[in-house]
Amino acid sequence: MKKVSVTAPGKLMLMGEHAVVYGYPCIVTAVNQCLKVTISENKDERIEIVAPQVKDTRFVEASIKYFEEKLDIKVTGICVTTDSTFSGIFGFGSSSAVTVAMLKALSVYFERDVSNDELFLLAYKVVLAVQGVGSGFDVAAAVYGGTFVYDKDQGRIRDLTDASKGMQLVVGYSGVKANTVKIVQEVAKQKEVEHEKITQIFSEIKQLVDAGEKCICASDWQALGALFSKNQYLLVQLSVSTQKLDAMVATATHAGAYGAKLSGAGGGDCMIALTGAEHVLTVAKAIEKVGGEIVQAKTNCPGVRVETTDDQKELFIIVDKDDKILEYRSRYDCHHDKSLMHRSVSLLVFHTDGRVLLQKRSMTKDTHPGYWTTAVGGHVTKGETYDQAIVRETREELGIGVIPVKHSVFSYAYPIETEMECMYTAVYDGPFHPSAEEIERVEFFTKKQLEDALKHGHMQLTELALYELRKVKFL
Ligand code: MEV
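Residues numbered from 1 in each chain as written. Predicted model: local features only at pLDDT ≥ 70, side-chain atom pairs only at ≥ 80, totals over all residues. Heavy atoms only, no water.

### Focus on the nonpolar core
The tendency in soluble globular proteins is for nonpolar side chains to be buried as a group.
Part 1 of the reasoning: By size, the foremost hydrophobic cluster in this structure holds 56 residues, and its most contacted members are Met-15, Phe-92, Leu-224 and Met-271.
Part 2 of the reasoning: A total of eight residues in this core trace back to one element, the largest contributor, which is helix α6 (residues 195-217).
Part 3 of the reasoning: When neighbours within four sequence positions are excluded, Met-271 is seen to be in contact with Val-170, Val-171, Gly-172, Leu-245, Met-248, Val-249, Ala-252, Ala-260, Lys-261, Leu-262, Ser-263 and Ile-287.
Part 4 of the reasoning: Counting residues in hydrophobic clusters, the runner-up holds 54 residues, among them Phe-110, Val-126, Tyr-144 and Phe-148. (Core = buried A, V, L, I, M, F, W, Y, C linked by side-chain atoms within 4.5 Å. Buried < 20%, exposed > 50% of the residue type's maximum accessible area, 1.4 Å probe, protein only. Helix = DSSP H or I, 4+ residues; strand = E, 2+ residues; numbered from the N terminus. Contact = heavy atoms within 4.5 Å.)

Encoded structure:
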């Protein structure tokens, strides 16, 4: 059964809330409180939505509508489920996270190429259509992840992910769920009445944001903390803080934090305290003492991603150019470092009538999701020989027990990884029992069918499959 799961992170506003709605920059970080959307095939043409964690299903529904319009496609026969590691009440941005995850899941499920920048623009449109207001910073956090400077009109303008690595935050929930839309509208009204005063506050906030970016780049957390406190003072002037938030901010600073402020719209939700590692516990305890709830949230987390079914810790065999074993490294390392040449196997299966069998990789594979490739392909794991690996992979992927014939061993460099490939061939007419987790489907192709599909762009074939099919002179 076709199934795609996508996870998108929540966010915390570090500096610049409210001003960002009016075109000033802000600094935002993605947190490890995530929302997951799974799309699977429904038994009939209906769209079924099971979304217990999101406030309402309008964001999921609007995502479908905008996706259909943008990509000129009719979405039918899917079941959408959501799952979340955070409660919607903290103000971590569950609506934007669900929108981003939903749109990404749709693009993967229906095999449409949507870049992160396109995803951001589309998701922001959906969020604006549903809730009417918002700068889109939360949408950007869900798409790109990390920490960055954001501008409503230009999107993510400067990435601060690397620079933010040493930043230590304590996050406290005030116990009150804020209504962001209402507060943003109240600030808008205030701006109409006291235009000069509010504009002045916004431009001071901008100066703090600019200075904050410099502090992050210099890892000057103490100075950044002081800017947090100044930002809080301006938010109090804007009348968006509450007594409870004020108390949490004050106690955090007394307990040794470099500085603290509310995070987000205000009126409730969360506050953040910037601390040195030695004060984390004292600050957390102080916040609890005035009635705050500590929320475990890691900052600077990755953006939207398709969940993979591959075990990233599995150990692969690293070899030199003569195929001599050097060491063992994880699947993750091998797929993120091209210098780690690792042993792999592949199998070309031919029908007795000469057609070649290809498999369409599942969308949850960590490399080449949705591509067509050789009938079997896999890695040799620690302790295995090439021959053992191909027999295991063939059984796991196609559910058959053929005896493959070794063809050749050669090194092959992909854009993201380098393999020492042992290629095998076999003649087998079926039946096959493909692994539902790894393979979407398998199909025999004549030379002509394959050439036509490639010529008209009807299939994406992995470079390795193309190389091997040429090697055996099928193409
Ligand atoms: C809310 O989390 C932050 C605001 O600046 C609104 C927004 O940017 O969409 C108040």
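From this point on, the discussion continues.
### Looking at unusual backbone geometry
Part 1 of the reasoning: Put simply, Gly-430 and Pro-431 share a cis peptide bond, and its omega is 5°.
Part 2 of the reasoning: Here Pro-431 is to be found in the loop between β19 (418-427) and β20 (439-445).
Part 3 of the reasoning: Here Ser-219, not a glycine, exhibits a phi torsion of approximately 50°, which is positive.
Part 4 of the reasoning: As for its placement among the helices and strands, Ser-219 is situated in the loop between α6 and α7 (221-237).
Part 5 of the reasoning: With relative accessibility at 41%, the residue Ser-219 sits in the partly exposed group.
Part 6 of the reasoning: Backbone geometry places Asp-323, a non-glycine residue, at a positive phi of 65°.
Part 7 of the reasoning: Along the polypeptide, Asp-323 turns up in the loop between β12 (315-319) and β13 (325-330).

### Some remarks on the layout of surface pockets
Part 1 of the reasoning: In this structure, the second largest pocket encloses a volume near 620 Å³.
Part 2 of the reasoning: Lys-11, Gln-131, Asp-138, Thr-180 and Val-181 are the residues nearest the centre of the second largest pocket, which is lined by 36 residues in total.
Part 3 of the reasoning: Those elements that place two or more of their residues in the lining of the second largest pocket are β1 (3-15), α1 (58-71), α2 (94-109), α3 (116-131), α4 (137-144) and α5 (180-193).
Part 4 of the reasoning: Residue composition of the lining of the second largest pocket, by class: 13 nonpolar, 15 polar and eight charged. (1 Å grid on protein atoms, 1.4 Å probe; cavity = no way out; pocket = protein on both sides within 12 Å on 5 of 7 lines; lining within 4 Å. Points joined across faces, edges and corners; volume = space filled by probe spheres on them. Nonpolar A, V, L, I, M, F, W, Y, C, P; charged D, E, K, R; others polar.)

### Quick word on the sheet that holds strand β7 (residues 169-173)
Part 1 of the reasoning: Across the sheet, four strands lie side by side as β8-β9-β7-β10; this open sheet has antiparallel pairing. At either margin of the open sheet sits one strand with a lone partner, and together these are β8 (259-263) and β10 (293-295). Recorded for the sheet is a direction-independent mean angle of 30° between the axes of neighbouring strands.
Part 2 of the reasoning: Bridging between β7 and β10 involves three bridges; their strand directions are antiparallel. (Pairing = 2+ DSSP bridges. Axes fitted to C-alpha atoms, helices over the stretch in contact; angles between N-to-C directions.)

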